[in-house]
Amino acid sequence: MSASRPMVGGKVYHLMAGPGDVAPYVLTPGDPDRVPRIAKYWNEARPVATHREYVTYTGKYRGAPISAVSTGIGGPAAAIAIEELLTLGAHTFIRVGTTGALQEWIRVGDVIINTGAVRFDGASNAYAMPEYPAVASYEVVLALVTAAEELNVRYHVGLAASTADFYVGQGRPGFNNYQPPWARDIVNTLSSMNVLNFEMEAATIYTIANVHGARAGGVMAAIANRKTNEFVPDAGVDDAIRVANEAVRILHEWDQIKQGLNLRYLTMNVIRQWIMKR
Ligand code: URA
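**Here's the deal with the overall build of the protein**
Then step 1. When its secondary structure is counted, the protein shows eight helices and 13 strands.
Then step 2. Radius of gyration (C-alpha) of the protein: 18 Å, near the 19 Å computed for a compact globule of 278 residues.
Then step 3. Dimensions of the protein, computed from the C-alpha atoms along their principal axes, are close to 55 × 50 × 35 Å.
Then step 4. The 278 residues of the protein split such that 55% are buried.
Then step 5. The contacts of the protein with a sequence gap of at least 6 include a subset with a gap of at least 24, amounting to 75%.
Then step 6. As presented, the protein carries roughly 12,400 Å² of accessible surface, and 55% of it is formed by carbon and sulfur atoms.
Then step 7. Between the mean site of the 25 positive side-chain charges and the mean site of the 25 negative ones, the protein shows a separation of 4 Å.

**With respect to the packing of helix α2 (residues 75-87) against helix α6 (residues 202-211)**
Then step 1. Running from amino to carboxyl end, α2 crosses α6 at an angle of 30°, the nearest separation of the two axes being 9 Å. Taken together, the axes of α2 and α6 lie roughly parallel to each other. For the crossing formed where α2 meets α6, the hand is right-handed. Contacts between α2 and α6 pair G75, A78, A79, I82 and L86 from the former with T204, I205 and I208 from the latter.
Then step 2. In terms of residue class, the contact of α2 with α6 is made up of six nonpolar, two polar and no charged.

**Brief notes about helix α7 (residues 237-261)**
Then step 1. Between its first and last C-alpha atoms α7 spans 36 Å; for 25 residues at 1.5 Å apiece the expected length is 36 Å, and the two agree.
Then step 2. Looking one or two residues beyond α7, the residue adopting positive phi is N262, at roughly 60°.

**Observations concerning α2**
Then step 1. The first and last C-alpha atoms of α2 sit 18 Å apart over 13 residues, in line with the 18 Å expected at 1.5 Å per residue.
Then step 2. Those residues of α2 that fall on the buried side of the exposure criterion are G75, A77, A78, A79, A81, I82, E83, E84 and L85.
Then step 3. Contacts made by the buried residues of α2 are with β2 (11-12), β3 (25-27), β5 (54-61), β6 (64-69), β7 (92-101) and α6.
Then step 4. Phi turns positive, to about 100°, at G89, one or two residues after α2.

**Some words on the pattern of salt bridges**
Then step 1. Enumeration over the complete set of coordinates arrives at 18 salt bridges.
Then step 2. Across the salt bridge formed by R95 and E201, the nearest N and O atoms sit 2.9 Å from each other. With a gap of 106 residues between them, R95 in strand β7 and E201 in the loop between β11 (197-199) and α6 connect regions that are remote in the sequence.
Then step 3. Take R95: its relative accessible area is 3%, and that puts it in the buried class.
Then step 4. Residue R249 is joined to E246 by a salt bridge in which the shortest nitrogen-to-oxygen separation is 2.4 Å. In this pair, R249 and E246 are both assigned in helix α7, three residues apart and thus about one turn of the helix distant. Of the two residues examined, R249 and E246, each falls in the buried class.
Then step 5. Within this structure, R62, E150, E246, R249, E253 and R278 form a network of salt bridges that share partners.

The rules behind each value
Residues numbered from 1 in each chain as written. Predicted model: local features only at pLDDT ≥ 70, side-chain atom pairs only at ≥ 80, totals over all residues. Heavy atoms only, no water. Helix = DSSP H or I, 4+ residues; strand = E, 2+ residues; numbered from the N terminus. Rg over C-alpha atoms; globule rule 2.2 N^0.38 Å. Buried < 20%, exposed > 50% of the residue type's maximum accessible area, 1.4 Å probe, protein only. Contact = heavy atoms within 4.5 Å. Areas by Shrake-Rupley, 256 points an atom, 1.4 Å probe, with all protein chains shown as cover. Lys, Arg positive; Asp, Glu negative; His and termini not counted. Charge placed at Lys NZ, Arg CZ, Asp CG, Glu CD. Axes fitted to C-alpha atoms, helices over the stretch in contact; angles between N-to-C directions. Parallel < 35°, antiparallel > 145°, perpendicular 65-115°, else oblique. Left-handed = near helix turned anticlockwise from the far one by under 90°. Nonpolar A, V, L, I, M, F, W, Y, C, P; charged D, E, K, R; others polar. Expected span 1.5 Å × (residues − 1). Salt bridge = Lys/Arg side-chain N within 4 Å of Asp/Glu carboxyl O.

Structure representation (structure tokens):
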């Protein structure tokens, strides 16, 4: 067996999925339990594999081929998932996550669509120099915004900061109240720069997707607000899931129109045709 890109019985080593097991459009929550929760909205769903933190389901949602694959927590685990999903032919990634809002006006339970992410994740440094931006695909962002509008979900659009740690890395006091000087004012610093939220995987996923010419975006449920000091586990998670599933349906419809028009990118013409077909 080759050590450079190991496969076991024709399957990628960590996901334990093989060719044909994964759709081109993949939702990437962190939490393995969120995968069946995402798939329960689909018209068809089959469990593909469960290995370590990686749970994979594949199916169809309103005509679109779709998979959901958990990435575990943090950049390193997410990078492995994206690497292996690219190997299996995935081209579009939508992170469905939870997040801590950094603006007072964002309510717990709202969803946040992240156009880009500050790269405090660590893992993306393996792929690109610090100046390389972690940006979402404008097509994925537009599909997510369109889905949120159609579903009447309260949403915000803007930048995340993806950190390598939930506690000290996000300015929370660590064990024994440990707080290094650079973490003490991180919430206010990022908030003053109009960063909307903390989370832990978007920067890694967006960076790797851009390096390989794939598309990525993300919709996060604000379960916390760090300015108002509120925390409600699971608030907004079902809304984020519904928005992400619908965004896949919309992207798939746009991609079909693009193909018919021989276009590489989403244009107003594609959107006009899409509206006329509805
Ligand atoms: N996820 C995070 O990374 N931070 C939070 O505060 C909540 C969810």
